[in-house]
Amino acid sequence: MKYILVTGGVISGIGKGIIASSVGTILKSCGLHVTAIKIDPYINIDAGTFSPYEHGEVFVLDDGGEVDLDLGNYERFLDIRLTKDNNLTTGKIYQSVINKERRGDYLGKTVQVVPHITDAIQEWVVKQATVPVDDDGVEPQVCVIELGGTVGDIESMPFIEAFRQFQFKVKRENFCNIHVSLVPQPSATGEQKTKPTQNSVRELRGLGLSPDLIMCRCSTALENSVKEKISMFCHVEPKQVICVQDVSSIYRVPLLLEDQGVVSYLSRRLNMPIDARPRKMLTKWKEMSDRSDRLLEHCSIALVGKYTKFSDSYASVIKALEHSALAISHKLEVKYIDSACLEPGTLQEEPVKYHEAWPHFCFGVRGTEGKIHAINWARIQKKPFLGVCLGMQLAVCEFARSTLGWKGNGSEFKLGPLQVIDMPEHNPGQMGGTMRLGKRRTIFTNDTSVLRKLYGDADYVEERHRHRFEVNPELKSHFEEKGFRFVGQDVEGERMEVIELDDHPYFIGVQYHPEFTSRPIKPSPPYLGLLLAAAGKLQSYLQKGCRMSPRDTYSDRSGSSSPDSDISELKMPSISSE
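Calculation criteria
Residues numbered from 1 in each chain as written. Predicted model: local features only at pLDDT ≥ 70, side-chain atom pairs only at ≥ 80, totals over all residues. Heavy atoms only, no water. 1 Å grid on protein atoms, 1.4 Å probe; cavity = no way out; pocket = protein on both sides within 12 Å on 5 of 7 lines; lining within 4 Å. Points joined across faces, edges and corners; volume = space filled by probe spheres on them. Helix = DSSP H or I, 4+ residues; strand = E, 2+ residues; numbered from the N terminus. Nonpolar A, V, L, I, M, F, W, Y, C, P; charged D, E, K, R; others polar. Core = buried A, V, L, I, M, F, W, Y, C linked by side-chain atoms within 4.5 Å. Buried < 20%, exposed > 50% of the residue type's maximum accessible area, 1.4 Å probe, protein only. Pairing = 2+ DSSP bridges. Axes fitted to C-alpha atoms, helices over the stretch in contact; angles between N-to-C directions. Contact = heavy atoms within 4.5 Å. Parallel < 35°, antiparallel > 145°, perpendicular 65-115°, else oblique. Left-handed = near helix turned anticlockwise from the far one by under 90°.

(A) Up close: empty space enclosed by the protein. The computed volume of the second largest cavity comes to approximately 50 Å³. Around the second largest cavity, the lining residues are Asn73, Arg76, Phe77, Ile250, Tyr251, Trp285, Lys319, His323 and Pro520. Those elements that place two or more of their residues in the lining of the second largest cavity are helix H3 (70-78) and helix H12 (315-327). The element that contributes the greatest number of residues to the lining of the second largest cavity is H3, accounting for three residues. Per-class residue counts for the lining of the second largest cavity are five nonpolar, two polar and two charged.

Now the structure itself:
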């Protein structure tokens, strides 16, 4: 097993996740099996109870793990399926060690950070690195480990010490360190400054880790003199200083690393037998990047939600929309709209926000009423609509109010009322890990369903869930009499999973989160349908048997991202087969 540790310096949020994913991508393109682990030094057990404003969205895995959004990047870039143990937190480590102490596993010894916590970290990494993450079930050969935060943070010290010891346990030829640092360029002088990177590397070396590659995040390409200066003061050769400047698309980052010889360096440094044949997977990424830069037609999507002030709150949704827009050769334009600003009360309290929000939207609990107003507008104006999770539940509430004439004042979300009810397995006394989580099967009950056709006429799909409430199944008949159909249910037939509205261009609601399984060259069918409908191409796509026109497909010269992918005509696969 080869281990690649990615650390960060100067500031957090510098792009370690994208760089770690990109390193994994270029290694996978060489025929290696790659897995990834994200370490978060916070004391929380997992990300499930975080506000999206803390660390962005909560990404959900097949096994129900609620994890950091960087694991979403790993899955999308590498086309793999991770588990909750691929996200390691201080809370998990301490919980594990304390449980061992309570069982008496330490035989009366004093339990300390060194060696007990540091040993537990190393054991966790070694064990998780061997878990297969590809569909073929082969054990990984390379494990990319991202350490969150920045070097020098108090909470990350046990992890730094653990890897200082780890490098000697697994031997030098099996471990390397990539350090990601910021090279600022003040507008006053325009000069690229190396001092923050020098200080960051000095601190890392003082803690016992010496970086093999220094990846410099900068707004423009590094000048040669700057590279040489970093090389001189950071104890590396100039070729070990990698420039990661701002690029037009994140799909270009793997290409950027490949062009600077990262694969050949890692091959020599870690003594890896890398295939020297042309890397077809990277050719596919280059084609995607070039195509993204050439797009001329635009497609506007309004994203109505409660956490729109921070785009990372909806990271996977945005990625799923981007994947679908790219598949139909359109440039995506997302308009973020705070649902609270659409509510009538905002007109009285903050009229400026109200009048700013509604024109943005009309281009074509908190915030709930605003979302219902938005759904009502989309339904009446026959604008393409996709409701995800709560969005589906609110579509049911809106239809009940407007068409069935049932009164609504927010009581839909109190225990045991009308359209939306609390699920029996939910425990209101504890927040963490009590939702309906992870991959669940949804059975299509209608042969004419638009969404079923988008999934390739599949009998069922398996998608990831994260919700506490559900649509009340006892009221199903009242809705279907009016053309509001429940076309997907769970295996037991007790939970409503998919809704569709008759006589509407595209009005779909799903209880699950399809964005979590979207991939750059395998876009999520519900999001693809939304983009096709917005671009006026949905009916044509359905008539062609859910196949793209030749100009909308990737060429088959460049191969595919995984052995089982066949996208020469980009026929949409069933999610259940992924």
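(B) Representation of the nonpolar core in the model. Membership of the largest hydrophobic core comes to 53 residues, with the highest contact counts inside it found for Ile4, Val23, Leu27, Met215, Leu257 and Leu266. Of the residues forming this core, the biggest block, six residues, is contributed by helix H1 (residues 16-28). Residues Leu321, Ile508, Leu528 and Cys546 belong to the second largest nonpolar core, which totals 36 residues.

(C) Examining the sheet that holds strand S6 (residues 142-147) more closely. Taken in spatial order, the seven strands line up as S5-S2-S6-S1-S7-S8-S9 in an open sheet, and their pairing is parallel. The open sheet has two edge strands with one neighbour each: strand S5 (87-89) and strand S9 (241-245). Averaged over all adjacent pairs, the angle separating strand axes in this sheet is 20 degrees, with direction ignored. Relative to S5, strand S2 (residues 34-40) runs parallel, the two being bridged by three bridges.

(D) Up close: the environment of Lys100. In this fold, Lys100 is placed in helix H4 (residues 90-103). Under the relative-accessibility criterion, Lys100 is labelled partly exposed at 24%. Spatially, the C-alpha atoms of Lys100 and Val111 are 10.0 Å apart, while their sequence positions differ by eleven residues. Setting aside residues up to four positions removed in sequence, Lys100 forms contacts with Asp105, Tyr106 and Glu123.

(E) Fine view of the sheet that holds strand S12 (residues 385-388). Here we have six strands laid out as an open sheet, ordered S12-S19-S18-S17-S14-S15, and mixed in their pairing. Whereas interior strands pair on both sides, the edge strands pair on one side only; in this sheet they are S12 and strand S15 (460-467). Each strand of the sheet is rotated relative to its neighbour by a mean of 25 degrees, with strand direction disregarded. Sheet analysis places S12 next to strand S19 (residues 507-510), joined by four bridges and oriented parallel. Note that in S19 the partner of Val388 across the bridge is Val510.

(F) The pairing of strand S14 (residues 436-444), seen in detail. Both S14 and S15 contribute to a ladder of eight bridges, which runs antiparallel. Bridging across to S15, Arg436 finds its partner in His467. One ladder, built from three bridges, connects S14 with strand S17 (residues 484-490); its direction is antiparallel. Its bridge partner being in S17, Ile443 is matched across the sheet by Gln489.

(G) How the structure looks around the packing of helix H5 (residues 113-129) against helix H6 (residues 157-169). The geometry of H5 relative to H6 is characterised by a closest axis approach of 9 Å and an angle of 65 degrees between their N-to-C directions. Looking at the two axes, H5 sits roughly perpendicular to H6. Like other packed secondary-structure pairs, H5 and H6 cross with a definite hand, here right-handed. Together, Val113, Val114, Ile117, Thr118, Asp119, Ile121, Gln122, Val125 and Val126 of H5 and Pro158, Phe159, Glu161, Ala162, Phe163, Gln165, Phe166 and Lys169 of H6 make up the contact between the two elements. Tallied by class, the residues present in the contact of H5 with H6 amount to eleven nonpolar, three polar and three charged.

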